[in-house]
Amino acid sequence: QVQLVESGGGFVQPGGSLRLSCSASGSIFHIGPMGWYRQAPGKRREQVAFITHRGETDYADSVKGRFIISRDNAKNTVHLQMNSLKSEDTAVYYCDALIYQYTTGSQNYWGPGTQVTVSS
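None of these values were measured; they are calculated from a predicted model.

Cut-off values and rules
- In this convention, every chain numbers its residues from 1, walking through the sequence in written order.
- Only residues with pLDDT of 70 or above have their local features reported here, since the model is predicted, and side-chain atom pairs are shown and tallied only from 80 upward, although totals for entire chains, interfaces and linings are computed over all residues.
- Values reported for side chains reflect all heavy atoms of the structure, with hydrogen atoms and water molecules removed beforehand.
- Nonpolar core, defined: a set of buried Ala, Val, Leu, Ile, Met, Phe, Trp, Tyr and Cys residues in which side-chain atoms within 4.5 Å join the residues together.
- Think of it in three bands: residues with accessible area under 20% of the maximum for their type are buried, residues over 50% are exposed, and the middle band is partly exposed, with areas taken using a 1.4 Å probe on protein chains only.
- Here a helix means four or more residues in a row that DSSP labels H or I, a strand means two or more in a row labelled E, and each is numbered from the N terminus.
- Here, a disulfide means two cysteine sulfur atoms that sit within 2.5 Å of each other.
- The term salt bridge refers to a pairing of a side-chain nitrogen on Lys or Arg with a carboxyl oxygen on Asp or Glu at a separation within 4 Å.
- Two strands are counted as paired when DSSP detects at least two bridges linking them.
- Lines are fitted to the C-alpha atoms to define the axes, a helix being fitted only along its stretch in contact, and any angle between axes, read from their N-to-C directions, falls within 0 to 180 degrees.

1. Describing the nonpolar core
In a soluble, globular protein the nonpolar side chains are often hidden away together inside.
Moving on, step 1. Among the nonpolar cores identified, the biggest contains 32 residues, and Trp36, Leu80, Met82, Tyr93 and Ile99 are the most heavily contacted of them.
Moving on, step 2. Broken down by secondary-structure element, the contributors of at least two residues to this core are β3 (18-25), β4 (30-39), β5 (46-51), β7 (67-72), β8 (77-82), β9 (91-101) and β11 (114-118).
Moving on, step 3. For this core, the element with the highest residue contribution is β9, accounting for 5 residues.

See the structure below:
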């Protein structure tokens, strides 16, 4: 079984920073694109950042210049450095990855999410 687990969420004041991490474990042959999504109360889940296996990145306009996505392919992890946080960044943040397994092919997996609250 493959599992994604996020960590690093919490409470921070506006202007502060947080670093989210997501680790994939299980019978993994290869991990393709990985991403971070978020969902605020009453809103649809939206993609925040995206990174390919080779390290090419893309960001939502709302976080460009503030958030940085990175990954460590050797450790099957992806990170999201969030700087200059705003109250509108408050949401549950989810990790997503396209994972190739030895016997079952590729499948998209999600983590359970981690809460980020930005408030004074």
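2. Details of the state of the cysteines
Moving on, step 1. Counted under the stated rule, the structure contains 1 disulfide.
Moving on, step 2. Put simply, Cys22 and Cys95 are joined by a disulfide, and their sulfur atoms are 2.1 Å apart. Looking down the S-S bond of the Cys22 and Cys95 bridge, the torsion is -80°, so its handedness is left-handed. Placement of Cys22 in strand β3 and of Cys95 in strand β9 is noted, with a sequence separation of 73 residues between them.
Moving on, step 3. Owing to a relative accessible area of 0%, Cys22 belongs among the buried residues under this scheme.

3. Overview of the pattern of salt bridges
Moving on, step 1. Evaluated as defined, the whole model comprises 5 salt bridges.
Moving on, step 2. Arg38 is paired through a salt bridge with Glu46; the nearest N and O atoms lie 2.7 Å apart.
Moving on, step 3. Look at Arg38 and you get buried, because its relative accessible area is 5%.
Moving on, step 4. Between Arg54 and Glu56 there is a salt bridge; the shortest N-O distance is 3.1 Å.

4. Brief notes about the pairing of β4
Moving on, step 1. With 7 of 10 residues buried, β4 is to be regarded as a mostly interior element.
Moving on, step 2. Bridge analysis of β4 against β9 gives 8 bridges, and the strand direction is antiparallel. Within the sheet, the bridge partner assigned to Met34 lies in β9 and is Ala97.
Moving on, step 3. Note that β4 and β5 share 5 bridges and pair antiparallel.

5. With respect to the sheet that holds strand β1 (residues 3-7)
Moving on, step 1. The 4 strands are arranged β1-β3-β8-β7 in an open sheet whose pairing can be described as antiparallel. Each edge of the open sheet is held by one strand with a lone partner, namely β1 and β7. Neighbour to neighbour, the strand axes of the sheet diverge by 15° on average, direction disregarded.
Moving on, step 2. The pairing of β7 with β8 spans 6 bridges and is classified as antiparallel.

6. Focus: the pairing of β5
Moving on, step 1. Between β4 and the antiparallel strand that follows it, β5, lie 6 residues; Gly42 among them carries a positive phi value of about 75°.
Moving on, step 2. In the sheet, β5 pairs with strand β6 (residues 57-59) via 3 bridges, with the strands oriented antiparallel. Note that in β6 the partner of Phe50 across the bridge is Asp58.

All we've got here are geometric facts, nothing functional implied.
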